[in-house]
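# What the coordinates show
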There are 8 protein chains.
Amino acid sequence: MTEKRIREVLGKVAAGRMTAPAAIRILRELPFEDLGFAKIDSHRSLRRGVPEVIFGEGKSAEQLSTIGQRVLASHTNLIITRLGADKARAVRRKLRGLKYHPDARIGTIVKERVKSSGHGVVMVLCAGTSDIPVAEEAALCAELFGNRVARVYDVGVAGIHRLTANLEAIRRASVLIVVAGMEGALPSVVAGLVDKPVIAVPTSVGYGASMGGLAALLGMLNSCAGGITVVNIDNGFGAALAATLINRVGIERDGR
Amino acid sequence: MTEKRIREVLGKVAAGRMTAPAAIRILRELPFEDLGFAKIDSHRSLRRGVPEVIFGEGKSAEQLSTIGQRVLASHTNLIITRLGADKARAVRRKLRGLKYHPDARIGTIVKERVKSSGHGVVMVLCAGTSDIPVAEEAALCAELFGNRVARVYDVGVAGIHRLTANLEAIRRASVLIVVAGMEGALPSVVAGLVDKPVIAVPTSVGYGASMGGLAALLGMLNSCAGGITVVNIDNGFGAALAATLINRVGIERDGR
Amino acid sequence: MTEKRIREVLGKVAAGRMTAPAAIRILRELPFEDLGFAKIDSHRSLRRGVPEVIFGEGKSAEQLSTIGQRVLASHTNLIITRLGADKARAVRRKLRGLKYHPDARIGTIVKERVKSSGHGVVMVLCAGTSDIPVAEEAALCAELFGNRVARVYDVGVAGIHRLTANLEAIRRASVLIVVAGMEGALPSVVAGLVDKPVIAVPTSVGYGASMGGLAALLGMLNSCAGGITVVNIDNGFGAALAATLINRVGIERDGR
Amino acid sequence: MTEKRIREVLGKVAAGRMTAPAAIRILRELPFEDLGFAKIDSHRSLRRGVPEVIFGEGKSAEQLSTIGQRVLASHTNLIITRLGADKARAVRRKLRGLKYHPDARIGTIVKERVKSSGHGVVMVLCAGTSDIPVAEEAALCAELFGNRVARVYDVGVAGIHRLTANLEAIRRASVLIVVAGMEGALPSVVAGLVDKPVIAVPTSVGYGASMGGLAALLGMLNSCAGGITVVNIDNGFGAALAATLINRVGIERDGR
Amino acid sequence: MTEKRIREVLGKVAAGRMTAPAAIRILRELPFEDLGFAKIDSHRSLRRGVPEVIFGEGKSAEQLSTIGQRVLASHTNLIITRLGADKARAVRRKLRGLKYHPDARIGTIVKERVKSSGHGVVMVLCAGTSDIPVAEEAALCAELFGNRVARVYDVGVAGIHRLTANLEAIRRASVLIVVAGMEGALPSVVAGLVDKPVIAVPTSVGYGASMGGLAALLGMLNSCAGGITVVNIDNGFGAALAATLINRVGIERDGR
Amino acid sequence: MTEKRIREVLGKVAAGRMTAPAAIRILRELPFEDLGFAKIDSHRSLRRGVPEVIFGEGKSAEQLSTIGQRVLASHTNLIITRLGADKARAVRRKLRGLKYHPDARIGTIVKERVKSSGHGVVMVLCAGTSDIPVAEEAALCAELFGNRVARVYDVGVAGIHRLTANLEAIRRASVLIVVAGMEGALPSVVAGLVDKPVIAVPTSVGYGASMGGLAALLGMLNSCAGGITVVNIDNGFGAALAATLINRVGIERDGR
Amino acid sequence: MTEKRIREVLGKVAAGRMTAPAAIRILRELPFEDLGFAKIDSHRSLRRGVPEVIFGEGKSAEQLSTIGQRVLASHTNLIITRLGADKARAVRRKLRGLKYHPDARIGTIVKERVKSSGHGVVMVLCAGTSDIPVAEEAALCAELFGNRVARVYDVGVAGIHRLTANLEAIRRASVLIVVAGMEGALPSVVAGLVDKPVIAVPTSVGYGASMGGLAALLGMLNSCAGGITVVNIDNGFGAALAATLINRVGIERDGR
Amino acid sequence: MTEKRIREVLGKVAAGRMTAPAAIRILRELPFEDLGFAKIDSHRSLRRGVPEVIFGEGKSAEQLSTIGQRVLASHTNLIITRLGADKARAVRRKLRGLKYHPDARIGTIVKERVKSSGHGVVMVLCAGTSDIPVAEEAALCAELFGNRVARVYDVGVAGIHRLTANLEAIRRASVLIVVAGMEGALPSVVAGLVDKPVIAVPTSVGYGASMGGLAALLGMLNSCAGGITVVNIDNGFGAALAATLINRVGIERDGR
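Residues numbered from 1 in each chain as written. Chains lettered and ligands numbered in written order. Predicted model: local features only at pLDDT ≥ 70, side-chain atom pairs only at ≥ 80, totals over all residues. Heavy atoms only, no water.

### Focus: the confidence of the model for chain A
Residues and elements named next belong to chain A.
- Per-chain confidence: chain A averages 81 in pLDDT, with 80% of residues scoring 70 or above.
- For the stretch residues 28–49, pLDDT sits under 50, and the model shows 54 contacts to residues farther than four places along the chain or on other chains.
- Across the interface, the model reports ipTM at 0.83; the global pTM reads 0.84. (pLDDT = per-residue confidence, 0-100. Contact = heavy atoms within 4.5 Å.)

Structure, rendered in structure tokens:
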């Protein structure tokens, strides 16, 4: 409990067993540990080897370069999502070594090799070719967050046999990220085949009454198949982060 | 059971008591027996000791009694959600032994004691007093699905000290179900305090521009705090099922 | 009848009993007598033995009685949809012989036995117990419109085996009416099993983000399974009428 | 093919060359090979001479070329919908022989001549000049699916006389596809003139409160004219597929 | 009256009975007396013999009685719209002489006989029996505002012949108020038959995707038939007021 | 023309040159020739000297040229609305003499001088500079439909004095078209100043929660100022047509 | 700055000038002071004499009684909003001394007299009689929060003279809360008359396209009149709290 | 000025140099000169040294130049918001001296130095880098309206420490403008830290279910943190104007 920790620190200071600067260092973190998601989030990143993730959309190449340099200066890996090919080129001029992944629209600078952890494999499935950018954002992020990742893409009209072909693997996965646009029915189908958590990612793929992914989102939220939870439309990154946390449930962090 | 039936058919073929064409005709239909999420779901229930869950809203007391008797006949536990107090009384006349949980609006007949499993505790938090029915639906379901469950309710304007007071427990939980109406900000706050999966449950609590829970749902889907996934408005049951699957990630099922 | 009136007028002109200008004045208005869909629709009813269908919601018992008496006076069968049990009792006091079908919320007076026609069976499926009123409205209407009708209800969580059990029958049907609420995925599943037209009927069954059936409606409209067309939420009657027309495609009407 | 594989397995079991448990392991997975709508759909295509249909929007020219080559390799006709003129040119470089239909925004390679089948003519009507791309997508697809097709376009402000001029033909059609934007009233008008199934296709033509076709969609769903069913906004392909199935109701497939 | 007050003040200033600063203080406020639409509206009412109109919904019987007494004290006619039968009874206890019109849900006390004015007849049409309350609100208000009014109701499925039967009258009308729910197509049909202004009134009659009248409203706004303008859902009163102003275009007011 | 054709048929029957059955066959189809609003609409145009109006958006330059030539061949004036400057240039190459009005985004060829008719002046007001294109579409159309038109533009933040300056003129107008975006309050203000019909035209001017003109549309529909009717967002043409019909109420057409 | 404060406290402890328990008391608040709105909010209440405010809707009489007793035990005033008359009676049985304000639907127990503070008067205006409950909630809350409050109600169709009559007072007010339903235009009008902050409160008063207050909300958000800010539909309490904070801008709190 | 004009007229009447009827004619129109919010708004601007603010979006460079010259001719400062860089260059050619602020997308010509007034500092906070344009529009406008302004930007994932670092300053501010997109939770967090009015500005930053800022807007409107009021999406200017009025509450204007 927080109070107990404060009492201990104060007790040590009062007893001369801890210097004020050392106590400050501990206490300075207290507010933040309790305060914001952001701060803790960034701390968590540092402690866990998860690279900083920057949302590239709506930021200029200059802004991304500046933020990127700040991230790299803190000796963590860099990952920029929603990064168009043109902007990636512009950012690369400033951030030497940036690797661009066109399918995932992600730019990365991996300074420290990512170690795999977690119970098992995070499997990413998607319904159609047009859903691949979102699926790949999820898959690449999940890898960079330290998961073993498997991909089963294009499990739609022409590719359902790939679902069957990978059925054993699908059932062995720890967590499933299922990406689909249009009516968004794939997560229901997959949830019916496995006893594992399914994170559904609606995409903006579709037209007319798909309303930019809203139909898929609503379909997934109303799914009568159990065990499905949903993230925002096109939010591959968010699905990857949730899958990472799920894949580590019951595993103690080092040094804690 | 499917496997048994396949075995029988194959046995007959091997024994020359059934021709291949006759076997084909039978086996060609088998896929459908195992096709739907629903069927598998109910199988999963049987194998795992998770009681049948019946959605009580929009079903008459007679319908619920009939379905309930069928469930009980299969020697599994019975759980009816969204069950109003009046309807519960009517159902109880037919289903002797039905226990009614008014806070959760759930009726249960537990024939076989539920054994706890999973990595750790599923913690259910809610923002306000009005969110309790949804939170309690989640908590009670999670218990009946075999999880140890902890509750931290009414963590809103007047109760944030309860959040702090339980901070250690919150951090020790395996999965968090966070229930909130209005602008639905509580999951973001909780996700900032822990490194565990957070399942956000928007409720229809609110008025005006809350639009029956839509504002809370949208807020949770757009949360910039990582690791949050979302279920349907007021869907405590769905959150409990997802939490159960998450709490068991990496744990092998018996007999598999 | 229009044709008869035209014939009379022409007869009078030919016989010199009516001047051309007088005939013009009469005939100029004739177009409108046959103008609207409604009128033609009611003519079609008379010619085809399809009973008048009255939408009971929002009409008082008195209004329904008056309309019903007018219908019966024209010696056609009477069918009132969306008729609550209480209102049915009140209507019955005026319309002796009204038969009430509580599952379908329909009241009927069948004066002339309905003859079956059409290529084959109209099959009505529904996902859950709560969808039955809409499914039964579709099934009963389809019967009263002269179709052979088969029902496969409650093909949801607990009943998918009924889908399998009836697979041969489903495949032999001429047209399928598939009724579902929540995420409305059942029509997609059924459309994948058959090569027959599927009429999807979203229902208002669900809660939260189902938004009164809108999620099911959107899911069905965005279905990637081919051959599905959709009617309004809860519109069992409309599905029955469309199925009737489809079931008669290629069959000539008598007397034409 | 599934049936062949089942036969092989059974043959081996009968011949004592495979044990029952080994056969079970293989057969247990078979369901999934025939599971999804997609797979069956593609099988159906092969058996019925309906060409593969690829949705071109959101796919790159390279992706389309690759998919196209796979389709052609299976000796079926190729049809790519929602294909812009520029992308068509790029695809043609890889897929020699691709014929581009600019009005329908469709690209085709017809390797095997399409034989006409079905009860009668599928008639496609549209309200205005701006609706033609959607109408033409429906008409061309219906032709490629093996229907005789008739077109009555621009039946709006300046062209209602074409509706009258074709009234006999309209009444003789088996199925009607009626395409309209703005308030989407044309299907109601047409449904009032005929006793045939009417498939209504709302288009995104309009402005302001038409909300990208939503007003037309809602108008069609709420039509009080009977026998109308609706597909997604701008979904000419879906209407064509539904019309094909309707046009074949009561006609037995060869070899079944 | 404003002008009279200005004259008095100026008279006093000219007569030296009021100083300029005192006059300024009075006159500075005058703008506001004539500022708002509301005030002018009520003045207009007095000058033109149009009775005060009170919106009864959401007001208690006591509030209505008090407001009504104030209106009657000013020697004008009283009209209360959206007045339920029960509330009408309660109001009548305080406002002796209140006449209740159940079809229109309107209560009136007509102290001064309403004189007819305007170019011609205001004709009110409605599509179905359920639309009558809105149509009758429009018709009764239009009468009380001094118009000759004609009614053509229930011009839907069973009653289109009444439209034809009244075609001459419809064409002779000065203004048409067309009331319809569901897809709201009637105004388009009527606008095609006449060269007169058509005021379309969507009603909340319908279900499912009619979304409380929104589909009808959108259909009317997107109508491709010219000359249609639209008022709020169920707003019979507003249509009557607009029709009154239209019916008087080009007619000079007395005393102006 | 319909009447002429009826006369011919009747003449032949009277003269014994046509049998009654043959005449019936012809006359039975007549309704449809006069059926649609569109047809009548175009007839009305011819009779009243209102030029054909073509909606230019979503039509190619070629389509517009072809339609335009057809219109000109019928010796009526031509008006193309929603015509961008670039497309206008392209159309002009085919349709010599096309005059482009950039403010109104309208192209016209006036072959026959438009004669003014109607009770008085149609006045067009708009709130801001950005609303001018819609206002000018209304004003120019109203002129081409034979009305005297007055304009009071930019009656917003910097220009309310123009409203005052033109108050006498505003009050003398017969009909008012009031164009406004954002919250759309101007029609309410204007309706408070006059006793004339006010046609409110919401525009898509605004941002954020204006939702493409929806906020203005809703504001106008819910206006508590009486006598306001509304057309579609940005629909200047529709407002002009309605204003024309209103301005002619009570005026007999020639030759009727 | 936080760190500075921590350093000071630690310095004092290290120097023996402060005991550990005293330091704990200070530091214990630090997390919370930075953490949640809720905690600080409740502290603010205590320090400033603002009574606890409990949202009564969706809470049972028992829950309200329990919470109320807890509040009263902390010797602060009690205010329960959204409290229906029936529930108020039930609560009063447990909470003796509860005073019920039916117009505002508020129950209060004022133990400590509220002292007025703030620059000037908070003026509450509303458009119609039906808006009074929301306006009165705002006014009563503002009084209980320590403001002098003035009311100008029913400033709609029949009451604009009350606006004029109170113009001087309106201009002298410090803050204006303007409550309106339907199109929500009143805040724009008021903002044009004063140079003071205007808090706009949309109400759910209206029908049809008012969509439960959404039209009023959108109108207020899109208002082109400057200085308007908006709260949730029907949120009188929120407006009162914001007005209180605004009325105290520049006034130092005691003991700070 | 209105008052001066009234005085002149009255002086003339008193002096016998003007007749009462002539004066009436002049005075009758006066109301309108002071009628609209706009006019008063512009007067207020002149009296208070607040520069004219022109909304640049949807206006051409020529229109902006013309309006700008008119503003400058009245010797007030000029501020054009929503001004793109390209358009700014075009405007500058006509309006020499225009200074362009790219971050705020604002162009200004400050002829008269702005004097600071108000109780204290207006502080502008924003959540992310992408929100800066809106935040900077608010900040720059607030400065130009005569406030001392402080900025705390990018208080999101990577920058929450800046919030803490500036906590003392934040608490000392008079008014807070809090700008955020996505789920819009920052205003709730800030409102929990201060006892000052918080103006929440939702931005269109986000994707998918953020629906162009609607999710943020709804979140802010439903915030359970007190004292928050909301302006339109991306409306930095409106927030600045409201903050200016709030910052001056209780301060008398000169010469009043």
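### Comments concerning the interface of chain H and chain B
- Taken together, the contact pairs 14 residues of chain H with 15 residues of chain B.
- When chain H packs against chain B, the two sides together hide about 1300 Å² of surface, and 66% of this comes from carbon and sulfur.
- In terms of surface lost to chain B, no three residues of chain H exceed H:Glu183, H:Leu218 and H:Asn222, which account for 46% of the buried area on that side.
- Counting across the interface, chain H meets chain B through 0 salt bridges.
- There are 6 residue pairs in polar contact (both at pLDDT 80 or more) connecting chain H and chain B.
- Top element by residues in the side of chain H that touches chain B is helix 10 (residues 214–221) of chain H. It accounts for 4 residues. (Buried area = accessible area lost by both parts, 1.4 Å probe. Salt bridge = Lys/Arg side-chain N within 4 Å of Asp/Glu carboxyl O. Polar contact = N/O pair within 3.5 Å; in protein donor to acceptor, adjacent residues only side chain to side chain. Helix = DSSP H or I, 4+ residues; strand = E, 2+ residues; numbered from the N terminus.)

### Description of the pattern of salt bridges
- Counted according to the given criterion, the structure contains 40 salt bridges over all chains.
- As a salt-bridge pair, E:Arg151 and E:Glu136 come within 2.9 Å of each other at their nearest N and O atoms. Taken together, the residues E:Arg151 in strand 6 (residues 148–152) and E:Glu136 in helix 6 (residues 132–144) connect sequence positions 15 residues apart.
- When its relative accessible area of 30% is taken as the criterion, E:Arg151 is described as partly exposed.
- Among the ionic contacts, a cluster of salt bridges with common partners joins A:Glu57, A:Arg82 and A:Glu137. (Buried < 20%, exposed > 50% of the residue type's maximum accessible area, 1.4 Å probe, protein only.)

### Looking at the relation of the copies chain H and chain B
- By a simple turn and slide, chain H fits onto chain B: the slide is 0.1 Å along the axis, the RMSD is 0.2 Å, and the turn is 180 degrees. Between the two chains, the operation in question is that of a two-fold axis. Relative to the rotation axis, the C-alpha of H:Gly219 is the closest in chain H, positioned 3.0 Å from it.
- Both copies present the same face, since 100% of the interface residues in chain H are matched by interface residues at the equivalent positions in chain B. (Least-squares fit on C-alpha atoms with pLDDT ≥ 70 in both.)

### What to know about the side chain of A:Ser130
- Inspection of the secondary structure assignment puts A:Ser130 in the loop between strand 5 (121–126) and helix 6 (132–144).
- Overall, A:Ser130 belongs to the buried group, its relative accessible area being 16%.
- In this structure A:Ser130 touches A:Val205, D:Glu57, D:Gly58 and D:Lys59, once residues within four positions along its chain are discounted.

### Regarding helix 11 (residues 236–247) of chain E
Residue and element names in this part refer to chain E.
- Given a rise of 1.5 Å per residue, 12 residues ought to cover 16 Å, and the 16 Å separating the end C-alpha atoms of helix 11 matches this to within 8%.
- For helix 11, the buried fraction is high: 11 of the 12 residues fall into the buried class.
- Those residues of helix 11 that fall on the buried side of the exposure criterion are Gly-236, Gly-238, Ala-239, Ala-240, Leu-241, Ala-242, Ala-243, Thr-244, Leu-245, Ile-246 and Asn-247. (Expected span 1.5 Å × (residues − 1).)

### Remarks on the packing of helix 6 (residues 132–144) of chain D against helix 11 (residues 236–247) of chain D
Residue and element names in this part refer to chain D.
- Look at helix 6 against helix 11: their axes get within 7 Å of each other, and the N-to-C directions meet at 35 degrees. Helix 6 and helix 11 meet at a crossing whose hand is right-handed. In this structure, helix 6 contributes Val-134, Glu-137, Ala-138, Cys-141 and Ala-142 to the contact, and helix 11 contributes Gly-236, Phe-237 and Ala-240.
- Looking at the contact of helix 6 with helix 11 residue by residue, the classes come out as 6 nonpolar, 1 polar and 1 charged. (Axes fitted to C-alpha atoms, helices over the stretch in contact; angles between N-to-C directions. Left-handed = near helix turned anticlockwise from the far one by under 90°. Nonpolar A, V, L, I, M, F, W, Y, C, P; charged D, E, K, R; others polar.)

### Digging into the packing of aromatic side chains
- Here the structure, examined in full by the defined rule, presents 16 aromatic pairs over all chains.
- Considering the side-chain rings of D:Phe145 and D:Phe237, the 6.1 Å spacing of their centres and the 80 degrees angle between planes classify their relative orientation as edge-to-face. Note that D:Phe145 is positioned in the loop between helix 6 and strand 6 (148–152) and D:Phe237 in helix 11, a separation of 92 residues in sequence.
- Pairing E:Phe55 with G:Tyr207 gives two aromatic rings, centres 5.4 Å apart and planes at 20 degrees, and the pair type is stacked. (Phe/Tyr/Trp six-rings, centres within 6.5 Å; stacked < 30°, edge-to-face > 60°.)

### Topic: the environment of C:Val205
Residues and elements named next belong to chain C.
- With respect to the helices, strands and loops of the structure, Val-205 is situated in the loop between strand 8 (198–202) and helix 10 (214–221).
- Sequence separation of Val-205 and Asp-234 is 29 residues, and the distance between their C-alpha atoms is 9.0 Å.
- When near neighbours in sequence (up to four residues on either side) are disregarded, Val-205 contacts Ser-130, Asp-131, Gly-181, Met-182 and Ser-210.

### Observations regarding unusual backbone geometry
- A positive phi angle, close to 50 degrees, is found at B:Arg82, a residue other than glycine.
- Following the sequence through the fold, B:Arg82 ends up in the loop between strand 2 (78–81) and helix 5 (85–94).
- Here the phi dihedral of F:Met182 falls at roughly 50 degrees; this positive angle occurs in a residue that is not glycine.
- Note that F:Met182 resides in the loop between strand 7 (175–180) and helix 9 (186–191).

### Description of helix 4 (residues 61–73) of chain D
- Taking 1.5 Å per residue, 13 residues should reach 18 Å; helix 4 of chain D reaches 18 Å between its end C-alpha atoms and fits that length.
- When helix 4 of chain D is considered as a whole, its buried residues turn out to be D:Ala61, D:Leu64, D:Ser65, D:Ile67, D:Gly68, D:Val71 and D:Leu72.

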